[in-house]
Amino acid sequence: MPLQLRKTRLPAKRCRDRLSRCVKKSKNSSCGKEKASFKESNCYLHDGSDRSGVTAYSVLGLCRIAFSAEGGVSMKKQSTWIQRLLSVPLMILFILTVYSLNVPNPMIILIIPIVYFTYSDGYISGALSGATSMAYAFYFFLIKTRDPVGGYKVATIILAMASIIFLVGKLKAQDQRNIADLEQHEDALLRMATTDKLTGALNRHAFFERANTIYENSHRQGTSISLLFIDIDYFKQINDQYGHIFGDAVLSRLSGTLENCLRNSDVNCRYGGEEFLLLLADADGDAAQLVASRVMEQVRMIRFEEYPDFRFTVSIGVSSTIPTDPPVIELLIRSADNAMYQAKQEGRNQIAVERLEAGKEDAKPFAHPCFTASSSNGNVGASVADITEIEEERQAFKNLLESEQVIRECMDMLYQAKTLEEAMENALRRAGEYSGADRAYFFSLSGDALVLTNQWCMPQFPPGSRVQKVNLSDFYQLWSLFGNKECIVIESMEQIQPFDMELYQAFHKQEIKSAIFIPLEQNGRLLGIWGVENPSPEKAQSIAPLLLSLRYSLMSTMRRVGYETLLEKLSFEDSLTGLCNRNRYLRDISAFKDVSNTGAVYISMNEMKRLNDTFGHAYGDQILAGYAEKIKRTFSSGISYRMSGDEFVVICRDIPQERFEQQVRTFKMHYAVSQNCHAAIGYHWEEQGEDIRSLIHEAEAWMYEDKKRYYRKSLPGDRYRYYNDNVFHLTEPGILKKSLEEGHFLIYLQPKVSFANRILSGAEALIRYRQEDGTVIPPVQFLPVLEDAKLISLLDFFVFDRTCAMLAQWINQGRNVVPISVNFSRYTLAEQDFLLRLQQVFDRYCIEKKWIVLEVTESVKSVEGMNLLSLIDSIRAAGFFISIDDFGVDFANLSLFSLANFDELKLDKVLVDSIATNQKAQLVIESIVAICRKMNIGVVAEGVETEEQFHLLRQNGCNQAQGYLFSKPIPVVEYEEKYIPVPVGLSKNGARDT
């Protein structure tokens, strides 16, 4: 049962009298906060008792704070002014000395004490001593010597004295500031050395120093001291359920609560993990129980905004004693620790009390509802046996708690580790230290052997003296001797001697007497083994469960680190070519500060689309991969980036111009004789530049010039001929608007189907341009022109308007409508009134916003002044659904998952193309889909062209598919007839047929 206390007030007159005396003496000093806190709190005593110890704990402690606060400040001010006023009589003494010696020019000598007083105590002392010497200067020059130019001399002396006092005073002030900075630095270092960084409580080392001082003072005064041992109940479950960050918040809030329950003379210490110690000076057992009760009440009142319904409790052990010589602080802690464990055994959320008698080494149980001592007239031997059994149970319980603490620490280390090396190092070290073993190790599978990858050894143990590699056959043989159990405990190597003498001799030769190891398996496949050698016999029984408990955390960390490494690689490395991707490019150019002796190369492959269309995308990927390999070999000293599908950038830093241009010529010569592909190359080198972006832009401009020269030699039927002759006129004033009105731009729709049942679940609106001769050309041939001419928004809003109109018409006709995705150019999205125009167009049609999905690519980040996250939030706030397009190659930034809020993610065709042949691509898609599923984000796979791709994507959990396997982009009329026909019995105007 918890400690039962009755809430009673101290006698009102005694409280008022003692508190009023403190308040009058404090005179509104810095103890105001403590007074207010005391007034607002209630006093709790045992039934019918009125012990002075509790009263002293509350009232007299408050008085000490008040007197010490005001007294210290007052004495310091008096001492400062006494020191300043002494400068006047001392200066007069100097003047009398100069006068008696009849010095011809006394002011030169009097400067010396003025400088001294100014530098020793600042401007005020300098001004007082200077004013005194000025009075003597008036007397000396104007009265005593009657110097004809005495007035000028006095004025000169006044200016000289003022300058000296000002300059020396500034020097003194600077020294004082330096001293103050040093004192602040020392204070910060002292806080770091003595306090726990998370909670602000004292650490163990500082606690024992303070505790010994309090103990000695109490010993001299003959007063009692008490200790509270506080432990958070079920803290491991709090960390597991709510996370370690929230667990840290619980520790911090508890420490602050404990501080509010203490006086300035008491000590709060974070003893370890979730354990705290409160040392109460001049407080007996009753006062300690009062504080413990207050702590329990305050803890019950703690609330967290993140989890309003969350509550936690503490178990408190209380011990008190009258200090003796020699000190028994450790015994007092042990006594309170025992009481705390008793509170745990009684069901937690309890207060248990033990009293440590003076001169005794063992704590005696104090009669208490939570911990009661009893006597028996039975057999003495039976009592001794009972005590031994209790001690054994207590020791076993302590070992269990210690093991749980180690598991908790190791799990925390594994969770926070950034690399597998760091995770293994921390886990092996902690497991080795706990078990008392001379080595803890981890062997990973490599081919047909287990190879040592991480180990921890005792300091005196030679690291290379034990086995570093184990044949897989030898391990399986040893494992089979123990029945292929999940945990192998070899208490003595004598166990294996009858079964395998050779193995026994190998262990004996390396001085391995006992061992515990655990195989790590995943889906029946061995990943490695980890364990300890020669553990302490006392810990042999507890180390095996500990290693078993940590096995899954370790394997989870291995998978997590592997996925994080892969995702990090995906974020900054192009999966096809192995070059750095655009994300890495943007990060690097932001970090480049010095542009000296730097060259940039901008490369673009010519006719890449023709190669893909003629020979297939697999062949095109081979060309790109070979292209990238040639770039890496030629520009080995530079950093190579794949900017987009067929564009590359190389940055070479600290390279002479001759060497840089030679590398460019070598690269050009290779593709000048190539029959498979041709490259447009632009380059620029600067000895001293201001901005890396301008350098790259210059290289890009030369690349486009090279590309133009190449296509001028190409056949007239090439797609770039259409680009130049039949599309460029759209940029002329009024031509684009006229073409839209005349119907030259057509809306095409490409269906999306559900992976679950292959039923239509959405569509994407695409644009086509119909020339005068009726030829329909794709957007890749005219969109860049309109973007460069800043006319693309007109076309984007045309598509959006037509899509909204079609949806409204279909809904009125009773068709089975599905959401339609609409693309917007990055330049349209960057317009200031984009959201206003979007809403105005949408408001013309009475449809719900759920039928419209706006597709955004991360490339909008490259537009100056564009904030992608703010844009997404604004669009979603307006009620529209957001889809992130082209995720997977060019603009795959995983930070979007943690920073942006969106509804749908579209996997780029490049990822889908390689899923059947590239195991890494499957792992990446599986990881991305898992992340999206947890964040309630839909996943659409673009470019699905084969049944094998469809099957693998469905296995990985994608929601929708889009690609030629189901349908190419088709005209609106064909889409209506094929996918959303008018229901039987309704006409196209929505009326029922009669």
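Structural data are supplied above this passage.
Note that the structure is a prediction, hence the values are computed from the model and not measured.

Draft legend 1. Summary view of the overall build of the chain. Looking only at helices and strands, the chain has 34 helices and 26 strands in total. A burial count over the chain gives 47% of its 994 residues as buried. The contacts of the chain with a sequence gap of at least 6 include a subset with a gap of at least 24, amounting to 68%. Surface accessibility of the chain: about 51,200 Å² in total, with carbon and sulfur atoms responsible for 53%.

Draft legend 2. Structural context of the packing of helix H6 (residues 123-144) against helix H7 (residues 150-194). Put simply, H6 and H7 touch, their axes get as near as 10 Å, and they point 165° apart. Classified by the angle their axes make, H6 and H7 are roughly antiparallel. The chirality of how H6 crosses H7 is right-handed. Mapping the contact onto sequence places Tyr123, Gly126, Ala127, Gly130, Ser133, Met134, Ala137, Phe138, Phe141 and Leu142 in H6 and Gly150, Gly151, Lys153, Val154, Ile157, Ile158, Met161, Ile165, Phe166, Gly169 and Lys170 in H7. Per-class residue counts for the contact of H6 with H7 are 13 nonpolar, six polar and two charged.

Draft legend 3. Structural detail: the pairing of strand S17 (residues 745-754). Burial analysis of S17 places 10 of its 10 residues in the buried class, which makes it a mostly covered element. On S17, burial covers both faces: Phe745, Ile747, Leu749, Pro751 and Val753 on one face and Leu746, Tyr748, Gln750, Lys752 and Ser754 on the other are all buried. Bridge analysis of S17 against strand S18 (residues 760-770) gives nine bridges, and the strand direction is antiparallel. Considered in S18, the bridge of Tyr748 is made with Leu766. Between S17 and S18, which follow one another and run antiparallel, lie five residues, and Arg758 among them has a positive phi close to 60°. By the bridge criterion, two bridges tie S17 to strand S26 (residues 970-971) in an arrangement that is antiparallel. Considered in S26, the bridge of Tyr748 is made with Pro971. The sheet contact formed by S17 and strand S25 (residues 960-962) spans two bridges and is antiparallel. Across the sheet, the residue bridging to Ser754 is Gln960, located in S25.

Draft legend 4. Representation of H6 within the structure. Taking 1.5 Å per residue as the helical rise, H6 with its 22 residues ought to reach 32 Å, and the 30 Å between its terminal C-alpha atoms agrees with that figure. Every buried residue of H6 is accounted for by Ser125, Gly126, Ser129, Gly130, Thr132, Ser133, Met134, Tyr136, Ala137, Phe140 and Phe141. At the C-terminal side of H6, Arg146 shows a positive phi close to 45°.

Definitions and cut-offs
Residues numbered from 1 in each chain as written. Predicted model: local features only at pLDDT ≥ 70, side-chain atom pairs only at ≥ 80, totals over all residues. Heavy atoms only, no water. Helix = DSSP H or I, 4+ residues; strand = E, 2+ residues; numbered from the N terminus. Buried < 20%, exposed > 50% of the residue type's maximum accessible area, 1.4 Å probe, protein only. Contact = heavy atoms within 4.5 Å. Areas by Shrake-Rupley, 256 points an atom, 1.4 Å probe, with all protein chains shown as cover. Axes fitted to C-alpha atoms, helices over the stretch in contact; angles between N-to-C directions. Parallel < 35°, antiparallel > 145°, perpendicular 65-115°, else oblique. Left-handed = near helix turned anticlockwise from the far one by under 90°. Nonpolar A, V, L, I, M, F, W, Y, C, P; charged D, E, K, R; others polar. Pairing = 2+ DSSP bridges. Expected span 1.5 Å × (residues − 1).

Everything listed here is a matter of geometry and, on its own, says nothing about what the molecule does.
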